[in-house]
Amino acid sequence: MHPYLINSVFNFTEEPCSRCEGFRNERDSARRKNQILEKEIQVLKKKSEDYQRISQELQKGLESVKEEQRNLQLLSENLEAAKKEQQEKIGQLKRKNEEPEKMIIKNTSEFEKILASEQKLRKVLDCLEKSLANFKAKNVDLENMSEEKKPLHEDRNAERSKCDDLTAEIRRLNLRLSPKMAGRIHYYSKDFYINGVVYALTTNFRGPNSTQTRIIATRSSDEEGKATDILENRVDREIVSGTKAEEQSWWCVDLTENYALYLTHYTLRHGPKTNISYLLNWRLEGSLDGQSWQTLRRHDNDRGLTGNHPYRRCTWAIDGNVNAFRYFRILQTGKNSSGRFGIFLSGIELYGVLIEIGS
């Protein structure tokens with residue numbers, strides 16, 4: 001029964017009734033239940049609001065996860081594109097490394113058509129043979145002179161040494177003489193002569209430090225000086241140039257993609273002015289691509305650069321019939337005269353037949 005009706009009944013009659021007390025109790029009980037129900041309704045409303053808020057947060061979280069998935073998909077696509085681009089660059093580098101060898105093969109076929117080059121080489125051989133004959137004649141004259149004339153004997157020994165060098169030069173050039181060969185001949189006559197290949201490729205293009213120089217020098221590390229110090233033909237200033245004291249140190253000369261050289265001789269000049277750290281153990285190597293190397297001459301405890309003279313120099317011949325190379329590298333294989341690793345040089349010169357393979 002509604003509390004309002006209960007109140008109306010009791011207000012309508014003033015007669016005492018035994019049932020009135022029961023009605024009052026029911027009214028109070030109904031009021032309490034109503035209050036309890038209202039509280040439960042408030043609790044349920046609050047829970048409903050909490051559920052709605054949680055639902056909204058979950059919805060936002062779901063949207064965030066979807067956005068992250070889209071970002072991951074985009075990142076995956078970018079990585080795939082970068083991987084494809086890297087593979088294309090690797091392919092380009094491989095093709096670029098194959099170009100020097102292809103250029104050599106292509107130009108070799110062209111050189112075979114130029115037979116006039118043989119005449120140039122023949123003329124050089126004729127000149128060398130005439131010089132050899134002159135040296136032999138002079139040597140005979142010196143031998144006929146009195147042994148008391150010591151200066152003349154010294155001249156005779158010097159002329160004999162030159163005669164031997166010319167004989168060896170003719171022998172090596174004959175080994176390389178072929179109708180297929182074409183190029184400029186840079187024959188060896190003395191150390192750091194102006195007929196050297198390094199001198200030709202640096203002097204004709206404004207010196208070893210010029211950006212137009214058609215020859216490049218690099219080395220394994222820098223301790224003193226610059227790698228290009230090795231391209232100096234003459235010591236017009238004090239040069240101290242060398243790598244760090246590391247094993248497997250090297251010094252390399254690159255004739256660039258325009259040239260390759262059939263090497264017959266090479267000359268080295270010691271680096272510091274003082275008589276320390278002389279190169280003793282090394283290999284001279286040649287390469288077409290700068291990756292695969294062929295040993296041209298091995299030096300074990302070679303004391304050609306040792307001595308009391310500043311900037312000591314020495315020349316070595318390359319025996320055998322070797323190929324033409326673009327790169328020439330000095331690779332240290334043991335410690336120097338000071339018991340340490342590291343290469344100290346102030347000059348290099350190359351001799352032989354230089355062929356032009358590009359421009």
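Look above for the structure.
Note that the structure is predicted; figures quoted are calculated from it, not measured.

(A) Local environment of the overall build of the protein chain. What the protein chain contains, in helices and strands, is five helices and nine strands. Reading the protein chain from its N terminus to its C terminus gives the helix and strand order α-α-α-α-β-α-β-β-β-β-β-β-β-β. Out of the 359 residues in the protein chain, the part that is buried amounts to 37%. Within the protein chain, contacts between residues at least 6 apart in sequence are counted, and of these 73% link residues at least 24 apart. In the form shown here, the protein chain has an accessible surface area of approximately 22,900 Å², with 49% of it arising from carbon and sulfur atoms.

(B) Region of the structure containing the sheet that holds strand 8 (residues 327-332). Strand order in the open sheet made by the five strands is 2-3-8-5-6, with antiparallel pairing throughout. If you trace the sheet from one side to the other, it starts and ends with strand 2 (216-219) and strand 6 (294-299), each paired once. Each strand axis lies, on average, 15° off the axis of its neighbour in the sheet, ignoring direction. Pairing of strand 3 (residues 250-254) with strand 8, which is carried by five bridges, proceeds in the antiparallel orientation. Within strand 8, the position partnered with Trp 251 by the bridge is Ile 330.

(C) Local environment of unusual backbone geometry. Of note in this structure, Gln 248 is not a glycine but carries a positive phi near 60°. The topology assignment puts Gln 248 in the loop between strand 2 and strand 3.

(D) Summary view of the nonpolar core. Counting 34 residues, the largest nonpolar core has Leu 255, Leu 263, Tyr 266, Leu 268, Ile 330 and Leu 350 as the members making the most contacts within it. Elements that contribute at least two residues to this core include exactly helix 5 (197-203), strand 3, strand 4 (259-270), strand 5 (282-287), strand 7 (313-317), strand 8 and strand 9 (345-356). The next biggest cluster of nonpolar side chains, apart from the first, holds six residues, and it includes Ile 185, Ala 260, Val 353 and Ile 357.

(E) Looking closely at the packing of aromatic side chains. Scanning the model with the defined rule gives five aromatic pairs in all. Centre to centre, the rings of Trp 282 and Trp 316 are 5.4 Å apart; their planes meet at 75°, and the pair counts as edge-to-face. One end of the pair, Trp 282, is in strand 5; the other, Trp 316, is in strand 7, and 34 residues separate them in sequence. For the pair Trp 282 and Trp 316, one class covers both residues: buried. Between Phe 325 and Phe 328, the aromatic rings sit 6.4 Å apart at their centres with planes inclined by 90°, giving edge-to-face as the arrangement.

(F) Main features of the sheet that holds strand 4. Taking strand neighbours across the sheet as the criterion, the four strands line up as 1-9-4-7 in an open arrangement whose pairing is antiparallel. Across the chains shown, the open sheet's two edge strands, defined by having one partner strand only, are strand 1 (184-186) and strand 7. Each adjacent strand pair in this sheet contributes to an overall mean axis angle of 30°, direction not counted. One ladder, built from eleven bridges, connects strand 4 with strand 9; its direction is antiparallel. Along strand 9, the bridge assignment pairs His 270 with Leu 345.

About the thresholds
Residues numbered from 1 in each chain as written. Predicted model: local features only at pLDDT ≥ 70, side-chain atom pairs only at ≥ 80, totals over all residues. Heavy atoms only, no water. Helix = DSSP H or I, 4+ residues; strand = E, 2+ residues; numbered from the N terminus. Buried < 20%, exposed > 50% of the residue type's maximum accessible area, 1.4 Å probe, protein only. Contact = heavy atoms within 4.5 Å. Areas by Shrake-Rupley, 256 points an atom, 1.4 Å probe, with all protein chains shown as cover. Pairing = 2+ DSSP bridges. Axes fitted to C-alpha atoms, helices over the stretch in contact; angles between N-to-C directions. Core = buried A, V, L, I, M, F, W, Y, C linked by side-chain atoms within 4.5 Å. Phe/Tyr/Trp six-rings, centres within 6.5 Å; stacked < 30°, edge-to-face > 60°.

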